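Listed below, chain by chain, are the residues.
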Amino acid sequence: MQDNSQEGAYNRADAYEPQAISPSALLAVAGDQHRYQKRTLLFFFLQRAVVGIVMSSIGYLFYSPKFYCYDADNHATECTQIQACDNAHGYFTVKERTSLVTMFNLYCERHMYDEYAKAFVFVFSGTIIILMSYLSDLYGRKLLHLIMIVCLVFGSVLALTRYYFLIVFGMAVNFLAMEAFITGKKGYTNETVGGQRSRRFN
């Protein structure tokens, strides 16, 4: 009896033949290059592009020139901005790159405008992103990303002007676009990946 059962098992194993897997059936389970995959790839690309644009503007916002103070013998040595502004013998600056500070001479008695610009950029972008996150829950992530694309273009155009307030506002809008892209992309991906929309998202 034992030999017969083993022989039957071998016969059943020999009778089972693997079937070829249809590519269409495999794609139906694993997902194919429909709108979800393309849109997710686009979101990743846009996020990197936005982050790159904003990161390149950080130096423009934070860079300050080097200060050199004169002594009584008219010799110059490197000093801090506070020392330069209080130096009775005068000072000069060395500008290695263009920034908001060097463009509008935001040091000494005008130093407060530099602090105002930094505070406005972060407070504005951090406040508006809360509102945009709430609106994205109401009207969808797609609308949020379309608005942020417009904001990025608008902010970049403003940042290219020669007016202090327009430049600061444009940089704040760009920071807002970066935060919204990162937040929205993660939320969109988490909500769709693994679900039915991950295969054929319209």
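I will try to describe carefully the structure that is included in this document. This structure is a prediction, so every number in the text was calculated from the model and none was measured.

## Brief notes about unusual backbone geometry
- A positive phi angle, near 65 degrees, is found at Asn74, a position not held by glycine.
- Summarising the element assignment, Asn74 is placed in the loop between strand E1 (66-70) and strand E2 (76-79).
- Its identity is not glycine, yet Cys108 carries a phi of approximately 60 degrees, on the positive side.
- Inspection of the secondary structure puts Cys108 in the loop between helix H5 (100-104) and helix H6 (111-139).

## What about the sheet that holds E1?
- With antiparallel pairing, 3 strands are arranged side by side in an open sheet as E2-E1-E3. Since the sheet does not close on itself, it has two edges, and those belong to E2 and strand E3 (91-94), each with one partner. Pairwise comparison of adjacent strand axes, ignoring direction, gives a mean angle of 35 degrees for this sheet.
- Here E1 pairs with E2 via 4 bridges, running antiparallel.

## A few points about a nonpolar patch on the surface
- A cluster of nonpolar side chains, Leu131, Tyr134, Leu135, Leu138, Tyr139, Leu143 and Ile147, forms an exposed patch at the surface whose accessible area comes to about 690 Å².
- Only H6 and helix H7 (141-159) provide two or more residues apiece to the nonpolar patch.
- Among the secondary structure elements, Leu143 is positioned in helix H7.
- Classification of Leu143 by relative accessible area gives partly exposed; the value is 40%.

## With respect to the side chain of Gln81
- Inspection of the secondary structure puts Gln81 in helix H4 (residues 81-86).
- Judged by relative accessible area, Gln81 falls into the buried class, the value being 19%.
- Residues within four places of Gln81 in sequence aside, it is in contact with Phe67, Leu106, Tyr107, Cys108 and His111.

Cut-offs applied
Residues numbered from 1 in each chain as written. Predicted model: local features only at pLDDT ≥ 70, side-chain atom pairs only at ≥ 80, totals over all residues. Heavy atoms only, no water. Helix = DSSP H or I, 4+ residues; strand = E, 2+ residues; numbered from the N terminus. Pairing = 2+ DSSP bridges. Axes fitted to C-alpha atoms, helices over the stretch in contact; angles between N-to-C directions. Patch = residues over 30% accessible without salt bridge, like charges linked within 9 Å, V, L, I, M, F, W, Y side chains within 5 Å. Areas by Shrake-Rupley, 256 points an atom, 1.4 Å probe, with all protein chains shown as cover. Salt bridge = Lys/Arg side-chain N within 4 Å of Asp/Glu carboxyl O. Buried < 20%, exposed > 50% of the residue type's maximum accessible area, 1.4 Å probe, protein only. Contact = heavy atoms within 4.5 Å.

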